[in-house]
Amino acid sequence: MSDFIAIQQPLKNLFSARWLQPRVLWLLLASLIVLLAACGADSGEPVFPTARPTATTSITPTITNTPTLEPSATPTPFISPTPGGPSPTSLIGATSTQLQIISPTPTAASTEPGSLSIEYFTTDSQAVRPGDSVMLYWSVRGADRAIIYRLNANGSHDRLWQVDRAGKLQVQTRSLDKDSARFTLSVGDTVSRIEQTLTIPLSCPQQSWFFAPAPVNCPADAPILSPAAQQTFEHGQMIWIGSQARIYVFFNDGKKPAWIDFPDEYKDGQPDHDPSISAPPNLSQPIRGFGLVWRGQAHIRDRLGWATGPELGFDGAYQSDNVALPNTTLYIRARDTAILQLAAGGSAWKLITPDSTHPATPAR
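Below you will find a few notes about this structure. Owing to the predicted nature of the structure, the values given are computational and were not obtained by experimental measurement.

## Concerning the sheet that holds strand β9 (residues 236-241)
Ordered in space as β11-β10-β9-β8-β12-β13-β14-β15, the eight strands form an open sheet in which the pairing is antiparallel. In this open sheet, the two edge strands, each paired with only one partner strand, are β11 (259-263) and β15 (349-352). Direction aside, the axes of adjacent strands within the sheet are offset by 30 degrees on average. Pairing between strand β10 (residues 246-251) and β11: five bridges, direction antiparallel. Of the residues in β11, the one forming a bridge with Ile 247 is Phe 262. The strands touched by helix α4 (residues 288-296) are β8 (224-233), β9, β10 and β11; relative to β9, the strand with the most contacts, the crossing angle is about 130 degrees.

## Comments concerning the sheet that holds strand β6 (residues 180-188)
The strand order across the open sheet formed by four strands is β4-β3-β6-β7, and the pairing between neighbours is antiparallel. The two strands at the open ends of the sheet, each matched to only one other strand, are β4 (157-164) and β7 (193-201). The average angle at which neighbouring strand axes cross in this sheet is 20 degrees, direction not considered.

## Some details on the packing of aromatic side chains
By the definition in use, this model includes seven aromatic pairs. Centre to centre, the rings of Trp 209 and Tyr 331 are 5.0 Å apart; their planes meet at 70 degrees, and the pair counts as edge-to-face. Linking Trp 209 in the loop between β7 and β8 with Tyr 331 in strand β13 (residues 330-333), this pair joins segments that are 122 residues apart in sequence. The same class applies to Trp 209 and to Tyr 331, which are both buried. Seen in terms of ring centroids, Phe 210 and Phe 211 are 4.9 Å apart; in terms of plane orientation they differ by 75 degrees. Their pairing is edge-to-face. For the pair shown, Phe 210 and Phe 211 are each scored as buried. Clustering of aromatic rings is evident, with ring pairs tying together Trp 209, Phe 210, Phe 211 and Tyr 331.

## Comments concerning the side chain of Thr 184
Along the chain, the position of Thr 184 falls in strand β6. The class for Thr 184 is buried, based on a relative accessible area of 3%. Engagement of the side chain of Thr 184 in a polar contact is seen with the side chain of Thr 197, the distance being 2.9 Å. Residues in contact with Thr 184, not counting those within four places in the same chain, are Phe 121, Ile 147, Ile 148, Tyr 149, Leu 151, Glu 195, Gln 196 and Thr 197.

## Some remarks on the pairing of strand β12 (residues 312-320)
For β8 and β12, the ladder comprises seven bridges, and the chain directions are antiparallel. In the strand pairing of β12, Leu 225 is matched with Ala 317. Two elements, β12 and β13, share three bridges in a ladder whose sense is antiparallel. In the strand pairing of β13, Ser 320 is matched with Leu 330.

## Re the environment of Ser 180
Relative to the helices and strands, Ser 180 resides in strand β6. In this structure, the C-alpha to C-alpha distance between Ser 180 and Ser 203, residues 23 residues apart in sequence, is 7.9 Å.

## So, the nonpolar core
In this structure, Phe 121, Leu 136, Ile 148, Phe 183 and Leu 185 are the most contacted members of the largest nonpolar core, which totals 22 residues. When contributions to this core are tallied by element, the ones reaching two or more residues are β1 (117-123), β2 (133-141), β3 (145-151), β4, β5 (166-172), β6 and β7. One finds Phe 314, Tyr 318, Ala 334 and Leu 340 within the second-largest nonpolar core, a separate group that totals 13 residues.

## A look at the side chain of Arg 303
Of note, Arg 303 is situated in helix α5 (residues 298-304). Using a relative accessible area of 15% as the deciding quantity, one classes Arg 303 as buried. Filtering out sequence-adjacent residues up to four positions away, Arg 303 remains in contact with His 235, Phe 251, Asp 253, Lys 255, Lys 256 and Pro 257.

## As for the environment of Phe 290
Secondary-structure assignment places Phe 290 in helix α4. Residue class for Phe 290 comes out buried when judged on its relative accessible area of 2%. Along the primary structure Phe 290 and His 273 are separated by 17 residues, whereas in three dimensions their C-alpha atoms are 9.6 Å apart. Residues within four places of Phe 290 in sequence aside, it is in contact with Ala 229, Gln 230, Gln 231, Met 238, Ile 239, Trp 240, Ile 247 and Glu 311.

About the cut-offs
- Residues numbered from 1 in each chain as written.
- Predicted model: local features only at pLDDT ≥ 70, side-chain atom pairs only at ≥ 80, totals over all residues.
- Heavy atoms only, no water.
- Pairing = 2+ DSSP bridges.
- Helix = DSSP H or I, 4+ residues; strand = E, 2+ residues; numbered from the N terminus.
- Axes fitted to C-alpha atoms, helices over the stretch in contact; angles between N-to-C directions.
- Contact = heavy atoms within 4.5 Å.
- Phe/Tyr/Trp six-rings, centres within 6.5 Å; stacked < 30°, edge-to-face > 60°.
- Buried < 20%, exposed > 50% of the residue type's maximum accessible area, 1.4 Å probe, protein only.
- Polar contact = N/O pair within 3.5 Å; in protein donor to acceptor, adjacent residues only side chain to side chain.
- Core = buried A, V, L, I, M, F, W, Y, C linked by side-chain atoms within 4.5 Å.

Here it is as C-alpha cells:
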C-alpha cells in the first residue's frame, strides 16, 4: 500500500490537468487498475481469477488426401556470354527447322555429283604392235574401285578388269586392231559415272605381207622364200616347205581336222615308193616324203585318196601373223600363186586369190 500512497499525489495532479481528454483518462485508469493488481499479488493475498464461459463443442477439421509437395528444381542461372566467347546453348533447343540426314559411308563409289574424278589414265608402252602387251596406269578420286574396258572397233566393250582406285595393269592388245587399241577407265555407278578412253597407236613392224590384199593382222616377221613342192589328190593336196622340212596335208572332204602337218622324214637313199601298191588308171601313189606320209598314215591315205598328178616343185613362200601360239594363222604360197590360209589348230583352210593390182613385197 505504501507504493499506492506514493503515487496518489501525482495522479491527482494528473487528473486535474485540463488538457487531458476523456479517452486518455480512461486509458490511464485501466493502467492503474493493472498496477494495483500487481501490487496485491506481491502482498501474498490470494487473487481469484474471473470465471470465463466453457466451450461446449470443439470441432477439429479432418484433412484427407494431403498432397505431397515435391521440392522445386533449382533453376539454372542465365550467364551472360563473355564478349568474344562462345554463345550459351539455347534452353529450348536448336531454332533451325532443317532436317539433317546422315547417309551411310559408301563402300564402292561415291555418287555425289562432282565428287568423282579421274586424275590420270595413261601408258608408258611405246612401239606397240597389234597383239603386244601394254602397261596401263590410273588413279581416281571419289571411289574405291574402278573398271577398265578393252574396246572393239565399234566402241563396244570386249573385255573388262575390275581394279582398285589406283594402280597399274598389264593387258594385251588384240591382233586384229590395226591402227589403235582403245581402253576405257570407268568409275561410279548408274546414278553418277565418269569415263575416260585411252587410245594407243599401233603400228605393224617394218615387214609387210608378201601378198595383197593384206590380212587384218600384222605379220610376225618378214616372209620367207623356200623351195616347195605340191601334189594334188582326189580329195585334197600336199605341199612340202623345204626350209621348214614339213609336209602340209589339205583335205577337201569337209571333215576335221581340215588340214594337218607332218615332219618330212624322208632321207635320200630310202625307197621313194612301194612297188606292191597298184594304183587305178590315171591315178598314182605319191613318192618320196609325200609317199612316206601317205603309206604310213592310213587315215591320211583314206581321206586323200590317190594322187591325180605328179609332184611339182616351185618357189614357195610362207609367212605368219603376229598372234601368239597356238592361235597363229599361217599363209603359204601355192604353185599357181594362190595363197593358202591355214587357220590355227587345223580348224580350217581356204584359198586367197592375190590382187594383181597391188603388188606384194617379194619374199626373201
